[in-house]
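# Fold and contact review
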Amino acid sequence: MNSFDTAGPAGQPADAPSAGTPRFDTADLQARDSASFLHPFTDTKALAARGARVVVRGEGIYVWDSEGHRMLDAMAGLWCVAVGYGQHTLAEAAYAQMQQLPFYNSFFKTTVVPAIDLASRLVRLAPSGFSKVFFANSGSEGNDTVIRMVRRYWDLQGQPQRSVIISRINGYHGSTMGGASLSGMDYMHAQGGLPIPDIVHIGQPYWFGSDRSESPDAFGLRAARWLEEKILEVGPERVGAFIAEPVQGAGGVIIPPATYWPEIQRIVDKYGILLVSDEVICGFGRLGHWFGCEYFGTRPDLITFAKAVTSGYIPLGGVLVGDRVASALVDQGGDFNHGYTYSGHPVACAVALANLDIIEGQDLPRHVREDVGPYLKQHFEALIDHPLVGHAETCGLVAGLALVADAATGRAFDPALEVGMLCRDFCFNNGLVMRAVGDRMIISPPLVITRGQIDELIALIRHCLDLTLSEVTSRGWR
Ligand SMILES: *Cc1c(COP(=O)(O)O)cnc(C)c1O
């Protein structure tokens, strides 16, 4: 059994919880980890040589590893822990539901109370015009559901040839066969014969990654028009939907120029194609509104959700279905031959309801919109004064910065140097979880973060940027 020391590690700030840190045999855990556990998106051999960091506890916006190191988790787990760690009401909701009814299916003319409550709650929280919810267990399964729904919808319209779904290069929509096909990562497509048929991709609205010869607004319009060009290339009569994240997350927190989404909306309206907003990251307050489409003013037909719907305490995802698709599916559709054993899982739904109680009760979307979002913007975007930073931008509580060899010109590092990974390791070793996507450093902190904690976060980021700067300078990389 693990023992708990009450003192906590030396150097821990005084505001840290006093519950103590469990003591673990890290070497043994790492050995058994690499012996049996194939990690997602991981080079297992390389990880085994190094040993995984064992995360054992969380409280608020912090996590602790098996060595007792505290880290400010600026990634909220993996974009999901909106309400922070250690929220007892979510645990209690799971416990109570497991005792009452741990599982029952919703396939055969049966239903369960938490799924009813959650579906009606989500419909109430969603933008107007959304009347139905389909439950899955993850974002990937939600997007697989989207593919099935889009194609079913067009079948029911008597236009089965409208099977093409347009997505974006460097968008992320999951890792199932459908999700990975929608995702625009060629290193994913290269493994497993993807994408599946009739999924095509256009470029992303990443102004800083362009040649920057145009203003961001001019570039945003041009990037949106790549959608129209693709529709015309494929044939408008063959295109069923366009799917995108309001702000790309896993692709490196790519925030589109203001001109982008209105032009996308104009184009999907012109050709009558469905708009799918993948809100697996942007949903539930991340951008300062319940859904990211509300921030950008778009009117999607389908919304994919997951992650923050339960703050990651238990897996749950799904699709919010707008009236256009819902009425076709329900009024003319008959059987929809799709579903998962755990669609509407009562324990997951009960946890989601307790999570939404916190998000609604504390009005976290407003906390982001009016308080910590603007505060993070002010301080994160000021990092542009650092000699390693070529671009720094936030939107609500997501933020990304680009590490560059020359801040004056924006000249990038040679990707082979993996400067982002170097910086990430400095962060990890200095009490900060910040993710690297190539040479972009990104954060997505818990929504419950305070201004004081943002000060701490920014100080940690500056410190780690300084460490990275002296390392790349001493290696002669700039
Ligand atoms: C994480 C993510 C997914 C996939 O969700 P999983 O739960 O990992 O299957 C899909 N879309 C977006 C935008 C995501 O960030």
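In this text, all values refer to a predicted model and were calculated from it rather than measured experimentally.

What counts, and where the lines are drawn
Residues numbered from 1 in each chain as written. Predicted model: local features only at pLDDT ≥ 70, side-chain atom pairs only at ≥ 80, totals over all residues. Heavy atoms only, no water. Near = heavy atom within 4 Å. Polar contact = N/O pair within 3.5 Å; in protein donor to acceptor, adjacent residues only side chain to side chain. Areas by Shrake-Rupley, 256 points an atom, 1.4 Å probe, with all protein chains shown as cover. Helix = DSSP H or I, 4+ residues; strand = E, 2+ residues; numbered from the N terminus. Nonpolar A, V, L, I, M, F, W, Y, C, P; charged D, E, K, R; others polar. Core = buried A, V, L, I, M, F, W, Y, C linked by side-chain atoms within 4.5 Å. Buried < 20%, exposed > 50% of the residue type's maximum accessible area, 1.4 Å probe, protein only. Contact = heavy atoms within 4.5 Å. Pairing = 2+ DSSP bridges. Axes fitted to C-alpha atoms, helices over the stretch in contact; angles between N-to-C directions. Salt bridge = Lys/Arg side-chain N within 4 Å of Asp/Glu carboxyl O.

## Focus on the site of the ligand
Neighbouring the ligand are the residues Ser138, Gly139, Ser140, Asn143, Tyr172, His173, Gly174, Glu245, Asp278, Val280, Ile281 and Lys307. Separating an oxygen atom of the ligand from a backbone N or O atom of glycine 139 is a distance of 2.9 Å. Note that an oxygen atom of the ligand is positioned 2.7 Å from one of the side-chain N or O atoms of lysine 307. Protein chains shield 84% of the accessible area of the ligand, which is 380 Å² for the free molecule. Ranked by the residues each element gives to the shell around the ligand, the list is headed by helix H6 (residues 139-156), at 3 residues. Each residue belonging to the shell around the ligand can be placed in one class, and the counts come to 3 nonpolar, 6 polar and 3 charged.

## With respect to the nonpolar core
Ranked by internal contacts, the top residues of the largest apolar core, which has 77 residues, are Leu122, Phe135, Phe284, Phe380 and Leu401. Contacts of leucine 401, omitting those with residues within four sequence positions, involve Phe380, Leu383, Val389, His391, Ala392, Asp439, Arg440, Met441, Ile461 and Leu465. By size, the runner-up hydrophobic cluster in this structure holds 39 residues, among which are Met75, Ala76, Ile231 and Val239.

## Here's the deal with the sheet that holds strand S16 (residues 435-437)
Pairing within the open sheet is antiparallel, and its 4 strands lie in the order S13-S14-S17-S16. Two strands lie at the open edges of the sheet, namely strand S13 (389-395) and S16, each paired on one side alone. Along the sheet, successive strands turn relative to each other by an average axial angle of 20°, direction set aside. Helix-sheet contacts for helix H14 (residues 364-380) involve S13, strand S14 (398-403) and strand S17 (440-443), and the interaxial angle to S13 is about 175°. Where helix H15 (residues 419-429) meets the sheet, its contacts fall on S14, S16 and S17, and the angle it forms with S16 comes to roughly 180°.

## Focus: the pattern of salt bridges
Taken as a whole, this structure holds 23 salt bridges when the rule is applied. Residue aspartate 425 is joined to arginine 424 by a salt bridge in which the shortest nitrogen-to-oxygen separation is 3.6 Å. The class of aspartate 425 is buried, set by a relative accessible area of 19%. Residue arginine 475 pairs with glutamate 471 through a salt bridge whose shortest N-O separation is 2.7 Å.

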